[in-house]
Amino acid sequence: METDRWLLGGQFEDSVFEEKPERRTGPPVSYRAKRCEPQKALQEYSSISEKLPPTNFAMKRDVQEGQARCLIHLGRHAEALAMAANLENKATNTDHLTTVLCLELAICSSLQNVEKTIFCLQKLISLHPFNPWNWGQLAEAYLNLGPALSAPFASSCKQNSFTSSDKSIRSSFPHSGRGCLLCFSETLPESSVFSMEASSTSNQKNEKGPDNIQNSVAEKREAVLLETQMKACASFIRTRLLLQLTQSQQTSFALERNLRTQQEIEDKMKAFSFKEDTLLFIAEVMGEDIVPEKIKDEVRTEVKCVGCAPLTSLVMTSSKEFEDRWFGKIKDHFCSFENQLHTEIHILA
């Protein structure tokens, strides 16, 4: 009987039960990660593209994206942008367009072109308005735009060239002219507000003097930088609102990243020195459309197959259109405050 059980159970070599050697936690000492050379990869992608049948659109898109990313690494940004533009024109659903916009963002970031980076992020946000990470990147881009704006103003002051500078300012920031010079001025110390106002009044009396030209340019520079800070602040606030909304649904590393980002935003907000009522108003405006039910519906219907032509209507066509949509109400509010301040000071004078 025991023999039958032994035969039925089978016989195993002792080596089966031997302990296996412990696995190494890291790569071997001789391990060298293979690095893909962009030029070689580009040649491979080009070779694949030539062999693809014309009807294989999905693979064609993937190959072209790979080619564009190789071109970025090779510093051939113009070719990469042309390829990205071609992909954008052929996109037929929101997933395709999102991929292309991320590609364009990578190109503009590689070029360190802050203005174009901002516009790419604005297009992404217009397509996915409830993505907190895009809003966070936009806020950072606005902060990076501040130093970039300082250079043209500084050179204009040195050259006493007010006309050309004024045109460029008005074209980029239509609300930052003399009629709206102190937008968001209540966020500054009182001495700064009244010194700017006094300078503006002096300029009206002696508009043709060289000192007044420099003062006007300096005032406009201050107004533009304040407006840029406002946009960065508003973008950070919306990022935080969206993160707070998803916080209860997250765990583990996702929740850790969420909370860490909220704390980073809190720290950066302190540098703006905005008053509490100002922050509350901005939060109210930037959170008007944040309704949980609406966001759920948006996520469910996110992938929209609408064809090439109608798809373009989902994306903002200009930076001005985006900023009017998201920041217009905030600018109007503080510009009306400024006009009231102008009137009060004129009466007191």
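Placed above this text is the structure.
Below: a short report on this structure. None of the values given here were measured: they were computed from a predicted structure.

Under the 1.5 Å per step criterion, the end-to-end length of helix 4 (residues 77-90) is 20 Å for 14 residues, consistent within 8% with the ideal 20 Å. Residues of helix 4 that are buried in the fold lie against helix 3 (57-73) and helix 5 (94-111).

The next subject is the packing of helix 4 against helix 5. Orientation of helix 4 relative to helix 5, taken along the N-to-C sense of each, is 165 degrees, at an axis distance of 9 Å. Between helix 4 and helix 5, the angle falls in the class roughly antiparallel. Handedness of the crossing formed by helix 4 with helix 5: left-handed. Every residue of helix 5 that contacts helix 4 at His77, Ala80, Leu81, Ala84, Ala85, Leu87 and Glu88 is listed here: Leu97, Val100, Leu101, Leu103, Glu104, Ile107, Ser110 and Leu111. Considered class by class, the residues forming the contact of helix 4 with helix 5 number 11 nonpolar, two polar and two charged.

Moving on, we come to the pattern of salt bridges. The full count for this structure, using the stated rule, is 12 salt bridges. The partner of Lys231 in a salt bridge is Glu227, and the shortest N-O contact between them spans 3.5 Å. A residue pair is termed a helical-turn pair when its members lie 3 or 4 positions apart in one helix, as Lys231 and Glu227 do in helix 10 (residues 210-247) at four residues. The same class applies to Lys231 as to Glu227, namely buried. Residues Asp324 and Lys320 are paired through a salt bridge, measuring 2.7 Å at the closest nitrogen-oxygen approach. Linking Asp324 with Lys320, this pair stays in helix 15 (residues 319-348), spanning four residues, or about one helical turn. One connected set of salt bridges, linked through shared partners, spans Glu227, Lys231, Glu323 and Lys331.

Let us look at the packing of helix 3 against helix 4. For the pair helix 3 and helix 4, interaxial distance at closest approach is 8 Å and the crossing angle is 155 degrees. Looking at the two axes, helix 3 sits roughly antiparallel to helix 4. In the packing of helix 3 onto helix 4, the handedness of the crossing is left-handed. Residue-level contacts link Arg61, Gln64, Glu65, Gln67, Ala68, Leu71 and Ile72 of helix 3 to His77, Glu79, Ala80, Met83, Asn86 and Leu87 of helix 4.

Turning our attention to the packing of aromatic side chains. Aromatic ring pairs are defined here through the distance separating the ring centres and the angle between the ring planes. Applying the stated criterion across every chain yields a total of seven aromatic pairs. Taking the centre distance of 5.9 Å and the plane angle of 35 degrees together, the rings of Trp135 and Phe322 count as tilted. Separated by 187 residues along the polypeptide, Trp135 in helix 7 (residues 132-159) and Phe322 in helix 15 bring together distant segments of the chain. Considering the side-chain rings of Trp135 and Trp326, the 5.0 Å spacing of their centres and the 80 degrees angle between planes classify their relative orientation as edge-to-face. Placement of Trp135 in helix 7 and of Trp326 in helix 15 is noted, with a sequence separation of 191 residues between them. As far as burial versus exposure is concerned, Trp135 and Trp326 are alike and both buried. Over the face of the ring belonging to Trp326 we find Arg325, whose NZ or CZ atom lies 3.8 Å from the ring centre.

To continue, consider the environment of Arg257. Tracing the backbone through its elements, the reader meets Arg257 in helix 11 (residues 252-270). Between the C-alpha atoms of Arg257 and Leu243, which are 14 residues apart in sequence, the distance is 9.8 Å.

It is worth spelling out the environment of Leu241 at this point. Take Leu241: it is sitting in helix 10. Judged by relative accessible area, which is 24%, Leu241 ranks as partly exposed. Once the C-alpha coordinates of Leu241 and Pro132 are considered, the two residues, 109 residues apart in sequence, prove to be 8.3 Å apart. Aside from chain neighbours lying at most four places away, what touches Leu241 is Ala283, Met286, Gly287 and Ile290.

Rules used in this analysis
- Residues numbered from 1 in each chain as written.
- Predicted model: local features only at pLDDT ≥ 70, side-chain atom pairs only at ≥ 80, totals over all residues.
- Heavy atoms only, no water.
- Helix = DSSP H or I, 4+ residues; strand = E, 2+ residues; numbered from the N terminus.
- Expected span 1.5 Å × (residues − 1).
- Contact = heavy atoms within 4.5 Å.
- Axes fitted to C-alpha atoms, helices over the stretch in contact; angles between N-to-C directions.
- Parallel < 35°, antiparallel > 145°, perpendicular 65-115°, else oblique.
- Left-handed = near helix turned anticlockwise from the far one by under 90°.
- Nonpolar A, V, L, I, M, F, W, Y, C, P; charged D, E, K, R; others polar.
- Salt bridge = Lys/Arg side-chain N within 4 Å of Asp/Glu carboxyl O.
- Buried < 20%, exposed > 50% of the residue type's maximum accessible area, 1.4 Å probe, protein only.
- Phe/Tyr/Trp six-rings, centres within 6.5 Å; stacked < 30°, edge-to-face > 60°.
- Lys NZ or Arg CZ within 6 Å of the ring centre and 35° of its normal.

So far we have only geometry, and geometry alone does not tell us how the molecule works.
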